[in-house]
Amino acid sequence: MSQSLATAGPVAAVALSGDLARPASLTVPDLLAWTQHRARVSFECATSGVQHHRFEGPLLYDVLHDAGPGFDRARRKDRLRFLIAVTGADGHHALLSWGEIDPDFGRAPVLLATRIDDSPLDRHGPQLVLPQDRCGARHISGITTIRVDGGYPVRA
């Protein structure tokens, strides 16, 4: 660990869980292993008006895809029964569908931001960023858990 991280305090971790072949605990430094994408985002905040920020981080799709979601890859539509629940340290949570982020369907460029306005998020944890949302309600700071749930049975 670098000296700057060691003296800065603890590094927040995100628990990836649920219907995944490879559940994991990931920190912001871990998330730097994926391709980093940039997004300039403007969204309405109910308490403080319009916010403008620059975010950088991997796509949520890439991180979850690498964790091995439990759908049947031979059946394209099987992915559509999977939900993604994201929770922040403050208890704020949001729900997304796999179809929103999958390149074969919605292809939404949802980020797990590792930086905001050029500041690293190592100590606070990554942020869920949905550049396509007009309202910032699904932006989650300090993500603690991401749970993938395919608990909707497939009927033959």
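Bear in mind that the values here come from a model prediction, so they are computed numbers and not experimental data.

Observations regarding the overall build of the chain
Within the chain, the secondary structure is distributed over four helices and eleven strands. At 16 Å, the chain has a C-alpha radius of gyration in line with the 15 Å of a compact globule built from 156 residues. Reported as C-alpha extents along the three principal axes, the dimensions of the chain are approximately 55 × 40 × 25 Å. Scored against the burial criterion, the 156 residues of the chain give a buried share of 40%. Taking the intrachain contacts of the chain between residues at least 6 apart in sequence as the baseline, contacts between residues at least 24 apart amount to 60%.

Structural notes on the sheet that holds strand β8 (residues 115-116)
Spatially, the four strands line up as an open sheet ordered β3-β4-β8-β9, and their pairing is antiparallel. The open sheet is flanked by β3 (37-45) and β9 (119-120), the only strands paired with a single partner. Sheet topology places β3 next to strand β4 (residues 49-57); nine bridges connect them, and they run antiparallel. Looking at β4, one finds that Arg38 is bridged to Glu56.

Observations concerning the environment of Leu80
Looking at the secondary structure, you find Leu80 in the loop between α3 (60-66) and β5 (83-88). Between the C-alpha atoms of Leu80 and Phe105, which are 25 residues apart in sequence, the distance is 9.1 Å. Beyond its immediate chain neighbours, meaning those up to four positions away, Leu80 contacts Gly99 and Phe105.

So, the sheet that holds strand β1 (residues 13-18)
Pairing between the strands of a sheet is mediated by backbone hydrogen bonds and can be parallel or antiparallel. Spatial ordering of the open sheet is given by β2-β1-β11-β5-β6, a layout of five strands whose pairing is mixed. Edge positions in the sheet fall to β2 (24-27) and β6 (93-97), since each has one partner strand and no second. If you compare each strand with its neighbour and ignore which way they point, the axes differ by 20° on average. Note: β1 against β2, four bridges, orientation antiparallel. Looking at the pairing, Ala13 lines up with Thr27 of β2.

Cut-offs and rules
- Residues numbered from 1 in each chain as written.
- Predicted model: local features only at pLDDT ≥ 70, side-chain atom pairs only at ≥ 80, totals over all residues.
- Heavy atoms only, no water.
- Helix = DSSP H or I, 4+ residues; strand = E, 2+ residues; numbered from the N terminus.
- Rg over C-alpha atoms; globule rule 2.2 N^0.38 Å.
- Buried < 20%, exposed > 50% of the residue type's maximum accessible area, 1.4 Å probe, protein only.
- Contact = heavy atoms within 4.5 Å.
- Pairing = 2+ DSSP bridges.
- Axes fitted to C-alpha atoms, helices over the stretch in contact; angles between N-to-C directions.

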